[in-house]
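Analysis of the macromolecular model
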Amino acid sequence: MIETDHLKQVAPEELGHLRGDPHEARSAIRNQWSIEYDHTDERIKALTPLIGPPSWDEIQIPPLEDGSCRRIHADPDIEVTVCMERVSQVRAGLNASGSSV
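To start, this report covers the structure provided alongside it. (Residues numbered from 1 in each chain as written. Predicted model: local features only at pLDDT ≥ 70, side-chain atom pairs only at ≥ 80, totals over all residues. Heavy atoms only, no water.)

1. Considering the overall build of the protein chain
Looking only at helices and strands, the protein chain has five helices and zero strands in total. Going from N to C terminus, the protein chain has its helices and strands arranged as α-α-α-α-α. Evaluated residue by residue, the protein chain yields a buried proportion of 34% over its 101 residues. Pairs at least 24 residues apart make up 67% of the contacts formed inside the protein chain by residues separated by at least 6 positions. Counting only carbon and sulfur atoms, one obtains 50% of the accessible surface of the protein chain, whose full area is about 6600 Å². (Helix = DSSP H or I, 4+ residues; strand = E, 2+ residues; numbered from the N terminus. Buried < 20%, exposed > 50% of the residue type's maximum accessible area, 1.4 Å probe, protein only. Contact = heavy atoms within 4.5 Å. Areas by Shrake-Rupley, 256 points an atom, 1.4 Å probe, with all protein chains shown as cover.)

Structure (structure tokens):
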């Protein structure tokens, strides 16, 4: 059995990877939601209470813009505070530099 202390140590890194998975997978199939993402969502919902809500700057821009980040975290009643003004500024900077997220 995994010790709780060890789980709390590895959970933040795993959760960081999971939070990028829905965006990466959705981008791969022309920005459409799929049943594949439901499994990732459930894993995010299971791990988040263990380590707490994410800071918006730990999440890729598209899930913040389209509201999927808030939707995923709303189910387990975890509030994610997002400064949409700052997200817009980051997006504008990415657009100006030609980067994509």
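From this point on, the discussion continues.
2. A word on the nonpolar core
In this structure, Trp56, Ile59, Ile61, Leu64, Cys69, Val80, Val82, Val87 and Leu94 together form the largest nonpolar core, which totals nine residues. Among the elements of the structure, helix H3 (61-65) and helix H5 (84-97) are those that each provide at least two residues to this core. Ranked by size, the runner-up nonpolar core spans six residues in total, among them Ala11, Leu18, Leu47 and Ile72. (Core = buried A, V, L, I, M, F, W, Y, C linked by side-chain atoms within 4.5 Å.)

3. A short note on H5
An ideal rise of 1.5 Å per residue puts 20 Å on 14 residues; H5 measures up with 20 Å between its terminal C-alpha atoms. Val87, Arg91 and Leu94 are the residues of H5 that are buried. The buried side chains of H5 occupy one side of the element, clustering within an arc of 60 degrees when seen end-on. Exposed residues pointing more than 90 degrees away from the buried face of H5 are listed as Glu85, Ala96 and Ser97. Contact partners of the buried residues in H5: H3. Taken from the residues just after H5, Gly98 is the one with a positive phi, measuring 80 degrees. (Expected span 1.5 Å × (residues − 1). Arc of directions from axis to C-beta.)

4. Thoughts on the pattern of salt bridges
All told, the structure shown has four salt bridges when counted by the stated rule. Across the salt bridge formed by Glu14 and Arg43, the nearest N and O atoms sit 3.2 Å from each other. Separated by 29 residues along the polypeptide, Glu14 in helix H1 (residues 4-28) and Arg43 in helix H2 (residues 35-51) bring together distant segments of the chain. Of the charged contacts in the structure, one is a salt bridge between Arg71 and Asp41, with a shortest N-O distance of 3.4 Å. (Salt bridge = Lys/Arg side-chain N within 4 Å of Asp/Glu carboxyl O.)

By themselves these figures say nothing about function.
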